[in-house]
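Structural features, examined
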Amino acid sequence: MQRRVVVTGLGLICGVGNTAAEIWQSLLAGKSGMAPIVGFDTEGHSVRFAAEVKNFDELQFVDKKESRKMGRFIHFALAATAEAMAQAGVQVTPENAENIGVHIGSGIGGFDVIEREHSALLAGGPRKISPFFIPAAIVNLAAGHVSIKYGAKGPNQAAATACTTSAHSIGDAYRIIERGDADVMIAGGAEAAITPMGVGGFAAMRALSTRNEDPTHACRPFDKDRDGFVVGEGAGILILEELEFAKARGAKILAEVIGYGMSSDAYHMTGMAPDGEGCYRSMRNALKSAHLQPEQIDYVNAHATSTPLGDAMESKAMETLFGEHALSHKLLISSTKSMTGHLLGGAGGLEAGITIMAMQNGIVPPTVNLDNVDPACRLNYVPKTPVKQQVTYALSNSFGFGGTNGSLVFKNWTE
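Below or above, wherever it landed, is the structure these notes cover. Keep in mind it's a predicted model, so treat the numbers as computed, not measured. (Residues numbered from 1 in each chain as written. Predicted model: local features only at pLDDT ≥ 70, side-chain atom pairs only at ≥ 80, totals over all residues. Heavy atoms only, no water.)

Let us now look at empty space enclosed by the protein. Counting across every chain of the model gives one cavity of 30 Å³ or more. By volume, the largest cavity amounts to about 40 Å³. (1 Å grid on protein atoms, 1.4 Å probe; cavity = no way out; pocket = protein on both sides within 12 Å on 5 of 7 lines; lining within 4 Å. Points joined across faces, edges and corners; volume = space filled by probe spheres on them.)

What follows is the structure, encoded as structure tokens:
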């Protein structure tokens, strides 16, 4: 018999809040996390704003000495995990430690550490490089530190699949539990790429919005005047459990994971396949995995980053898959990146958490800044204000550079 997997905790941090509850209230209020960058001097940069995490103190989650051995993305992962574990109430014991695992990834990892240590090298030579440089920067150390902190001795993995990282981490963790290799997985992703090279690099690609004079309105998914994404930072972590394990310990169940789909565009290193064909197959595979028909999906949290081609391709893919269910505007779709910015490798974890909160509250968060819908985008994107709607089945999309795609399907929990 196939093992069922449920969500019992979630921890979120991004530019509009440092906890899941704070983020949810910000989304319902249409609050933007985008503002001029304060983390570094932006003189000479063509893009000078982002969605930075605000008022964050990593010392609430890690001791000062240890914090210096970690990149900022690790701090975010630890903070989000602490919130998720507290909500789930999971206790790691000598008896269950080997059945509790971690799957937390990052698209880029410790960009801040790499830049800092490179400066040290140039200024003082190799002897000035910190002995903690490598473990502070590499992608799998978010999962490593979480595993060490909680004593989780089960599977310990990290995905690095660009902007699909978190979705793949959660989906792969779901499969790990489903096949019996763990009873609990701490899963998601974290990112901290708002650095001189991070912002400068994406700007050099012409991937970013350049609305320096109006940051709060810069990210405008599906709008005809969109001009690129806004870099965000933070983390999204879910606690996944095998259903009977969760029930036996009296856990409060937030949602059930019922489907996971993947695909590759096999087309271009940064561009999406024509008509969103790769996105379409990812969503189709997720619905097949969940044993659902397209018309059963109530809400899609879209990947939609506010890029001219990407949003149109994802919209076309949804139109192809959902047909009249989408064209009639019965299917609700929104891009919460319009407020949070794009967390890159952390996006899928954040948005999976947001999708679950939408199901729990019976409210779909909006796509803000959607003033003039692109004629190529013909669906219901929940413009500007939330919509009260019972959500039984929801899908969360993540698509990344290299044509890597992931889609997750959640079911509102009922006995």
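Here we come to the sheet that holds strand S10 (residues 332–334). Read across the open sheet, the ten strands follow the order S5-S4-S6-S7-S1-S8-S14-S13-S9-S10; overall the sheet is mixed. Where the open sheet ends on each side, the last strands, each with one partner, are strand S5 (156–157) and S10. Pairing geometry for strand S9 (residues 299–301) and strand S13 (residues 393–400), over three bridges, is parallel. The residue of S13 that forms the bridge with Asn-301 is Ser-396. (Pairing = 2+ DSSP bridges. Helix = DSSP H or I, 4+ residues; strand = E, 2+ residues; numbered from the N terminus.)

Our focus in this paragraph is the environment of Thr-355. Within the secondary structure layout, Thr-355 lies in helix H14 (residues 347–361). Counting along the chain gives 293 residues from Thr-355 to Val-62, while the straight-line C-alpha distance between them is 29 Å. In contact with Thr-355, other than residues within four places in its own chain, are Tyr-299, Asn-301, Ala-394, Ser-396 and Phe-410. (Contact = heavy atoms within 4.5 Å.)

On to the pairing of strand S6 (residues 184–191). In terms of burial, S6 is a largely internal element, eight of the eight residues being buried. Side chains of S6 alternate between two faces, with Val-184, Ile-186, Gly-188 and Ala-190 and Met-185, Ala-187, Gly-189 and Glu-191 buried alike. In terms of strand pairing, strand S4 (residues 100–105) meets S6 through six bridges, oriented parallel. Paired with Gly-105 across the two strands is Gly-189, which belongs to S6. Here eight bridges tie S6 to strand S7 (residues 234–242), and the two strands are oriented antiparallel to one another. (Buried < 20%, exposed > 50% of the residue type's maximum accessible area, 1.4 Å probe, protein only.)

A few words now on the packing of helix H3 (residues 72–88) against helix H6 (residues 141–150). Look at H3 against H6: their axes get within 9 Å of each other, and the N-to-C directions meet at 45 degrees. Relative to H6, the element H3 is oriented oblique. In this structure, H3 meets H6 at a crossing whose hand is right-handed. Contacts between H3 and H6 involve Phe-73, Ile-74, Ala-77, Leu-78, Thr-81, Ala-82 and Met-85 on the former and, on the latter, Leu-141, Ala-142, His-145, Val-146, Lys-149 and Tyr-150. Split into classes, the residues belonging to the contact of H3 with H6 amount to ten nonpolar, two polar and one charged. (Axes fitted to C-alpha atoms, helices over the stretch in contact; angles between N-to-C directions. Parallel < 35°, antiparallel > 145°, perpendicular 65-115°, else oblique. Left-handed = near helix turned anticlockwise from the far one by under 90°. Nonpolar A, V, L, I, M, F, W, Y, C, P; charged D, E, K, R; others polar.)

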